[in-house]
Amino acid sequence: MKIAVINSGSSSLKFKLFDMKTEEVLYSVLVEHIGEINSKIKTHHEALESIDIDFSTLDVIGHRVVHGGEEFYQPTVVNDKVIEKIGALIPLAPLHNPANLEGILVAQKYAPKVPQIAVFDTAFHFHMPKEAYLYALPFEMYEKHKIRRYGFHGTSHSFVMKKAAEILQKNVDELNLITLHLGNGASACAIKNGVSIDTSMGFTPLEGLVMGSRSGDIDPSIVIYMQRELGLSLDEVDKLLNRESGLLGICGDNDVRSIIESDDEKAKLALDMMIRRIQKYIGSYIVLLGRVDAIVFTGGIGENSAYVRDRVLDNSLISGVKNLVIKTDEELEIAKECLNITG
Ligand code: ADP
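> Mind laying out helix 14 (residues 330-342), listing which residues take part and the relevant values?
Taking 1.5 Å per residue, 13 residues should reach 18 Å; helix 14 reaches 18 Å between its end C-alpha atoms and fits that length. Every buried residue belonging to helix 14 is among E330, E331, L332, E333, I334, A335 and C338, and all of these are buried. Where the residues of helix 14 are buried, they touch strand 1 (2-8), strand 2 (13-19), strand 4 (60-65), strand 6 (116-120) and helix 6 (154-168). Just past helix 14, the residue G343 takes up positive phi, approximately 80°.

Below is the structure:
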């Protein structure tokens, strides 16, 4: 069984082809900096065209789709209706869902007969309780407009949860974890008996931790103030919060490697802020979970930076909890989900 997975990020594209008998990667492509100034590849379409395989020879094509709204909480076979619904969710994930759709459309063009399956980043958080996913806004904002916490990075949180179960030799449904996906985008998840019961990202992937260039939690009044008093437009505020804030906003750099090595005061401050925010989430999740079997670090920073992990764990409440470092593999998880539903 040959399953290919297309994982389109806002400015990157990962493609992996798996032999599912052995889970071996037969072919992989990584295109980064799509659409950035000085980048040769301007669109996801061009990036997809650079994949040098015959799509029609594949058994299944799996797609990461970032936002599944309240509609999609399971891997879903793509048809015209599904495509339309993923399109309708674009306002909730304007950086991601268009790129995900592009992948689906290109794959359909080259392999109209190969089944395509969408796997949603939001799906793992679908069973969060209402008190976790509702914002304290007028109720009709949820009922009419579906404004609620959805949560993201679900494929990654789910993948490392299953690995942690193997390592700890426990059944997933008896496992309580705090998983920390720390990459350019970053999120924390509280997992109780194998189910996500809370997570730091919300209505969009902007909420929560201090990220590479995203602010994470801020007082929402700041958004009003920036428009009313500083005269910033909606688009300017959007760009400021998503692309110019976080570590980048504080110290002008979003690469944690160079930030750690820098002597600059602001680099030190940016790190302190990022670490403090992670600790705040861990603390609140310890309270929610009661018993925590392990804190799991994953993502580029979580997997590679012992410095960040040590700093996060350097706290009397947190240091007593077992910790694990697990390399995430979103593409393999998506391929496995595809295999589960196609047999
Ligand atoms: P993305 O969310 O774009 O997939 P990644 O999970 O690849 O991001 O993580 C990117 C982040 O990981 C960058 O901030 C990078 O600096 C950081 N990183 C990678 N290797 C290391 C390392 N050895 N030490 C510290 N940070 C690292």
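Now that the structure has been shown, the text picks up again.
> So what about the pattern of salt bridges? Which residues, and what values?
Counted according to the given criterion, the structure contains 17 salt bridges. We note a salt bridge from K16 to E331, for which the minimum N-O separation is 3.2 Å. Pair noted here: K16 is in strand 2 and E331 is in helix 14, with a separation of 315 residues, a long-range link. What makes E331 buried here is its relative accessible area of 4%. With a closest N to O distance of 2.6 Å, K162 and E333 form a salt bridge. A residue pair is termed long-range when its members are at least 10 positions apart, and K162 in helix 6 and E333 in helix 14 qualify at 171 residues.

> An account of the site of the ligand is requested, with residue identities and associated values reported.
Every residue lining the ligand is accounted for by G183, N184, G185, N254, D255, V256, R257, G299, G300, I301, N304 and S305. Within the backbone of V256, one N or O atom sits 2.9 Å away from an oxygen atom of the ligand. Elements with a contribution of two residues or more to the shell around the ligand: helix 10 (256-261) and helix 12 (299-304). A per-element tally of the shell around the ligand places helix 12 first, with four residues.

> Please set out the pairing of strand 6 residue by residue, giving values where relevant.
Here strand 6 lies mainly inside the structure; five of its five residues are buried. What you see with strand 6 is no split at all: Q116, A118 and F120 on one side and I117 and V119 on the other are buried throughout. When strand 4 meets strand 6, the two strands line up parallel, connected through five bridges. Bridging across to strand 6, V65 finds its partner in F120. With two bridges connecting them, strand 5 (residues 76-77) and strand 6 associate as antiparallel partners. Among the inter-strand pairings, V77 is bridged to a residue of strand 6, identified as I117.

> Tell me about the packing of aromatic side chains, residues and numbers included.
The description of an aromatic ring pair rests on the distance of the ring centres and on the angle between the ring planes. Counted under the stated rule, the structure contains nine aromatic pairs. Judged by centre distance (5.8 Å) and plane angle (55°), the rings of Y133 and Y142 are tilted. Of the two residues, Y133 and Y142, neither departs from the other in class, the shared state being buried. Consider the rings of Y150 and F203, whose centres lie 6.3 Å apart with planes at 35°: the pair is tilted. Remark: F203 occurs in the loop between strand 9 (195-199) and helix 7 (221-228) and Y150 occurs in the loop between helix 5 (139-143) and helix 6; sequence separation between them is 53 residues.

> Lay out the side chain of T298 with the relevant residues and their values.
When you line up the elements, T298 lands in strand 10 (residues 294-298). From its side chain, T298 meets the backbone nitrogen of T328 in a polar contact 3.1 Å long. Once you skip the residues sitting within four places of it in the chain, T298 turns out to touch S156, V160, L180, H181, L182, E303, I326, K327 and T328.

> Report on helix 8 (residues 234-243), specifying residues and quantitative values.
When we look at burial in helix 8, the residues that qualify are V237, L241 and N242. All buried residues of helix 8 project into a common sector of 115° when viewed along the axis, lining one side. Where the residues of helix 8 are buried, they touch helix 7.

Conventions we followed
Residues numbered from 1 in each chain as written. Predicted model: local features only at pLDDT ≥ 70, side-chain atom pairs only at ≥ 80, totals over all residues. Heavy atoms only, no water. Helix = DSSP H or I, 4+ residues; strand = E, 2+ residues; numbered from the N terminus. Expected span 1.5 Å × (residues − 1). Buried < 20%, exposed > 50% of the residue type's maximum accessible area, 1.4 Å probe, protein only. Contact = heavy atoms within 4.5 Å. Salt bridge = Lys/Arg side-chain N within 4 Å of Asp/Glu carboxyl O. Near = heavy atom within 4 Å. Polar contact = N/O pair within 3.5 Å; in protein donor to acceptor, adjacent residues only side chain to side chain. Pairing = 2+ DSSP bridges. Phe/Tyr/Trp six-rings, centres within 6.5 Å; stacked < 30°, edge-to-face > 60°. Arc of directions from axis to C-beta.

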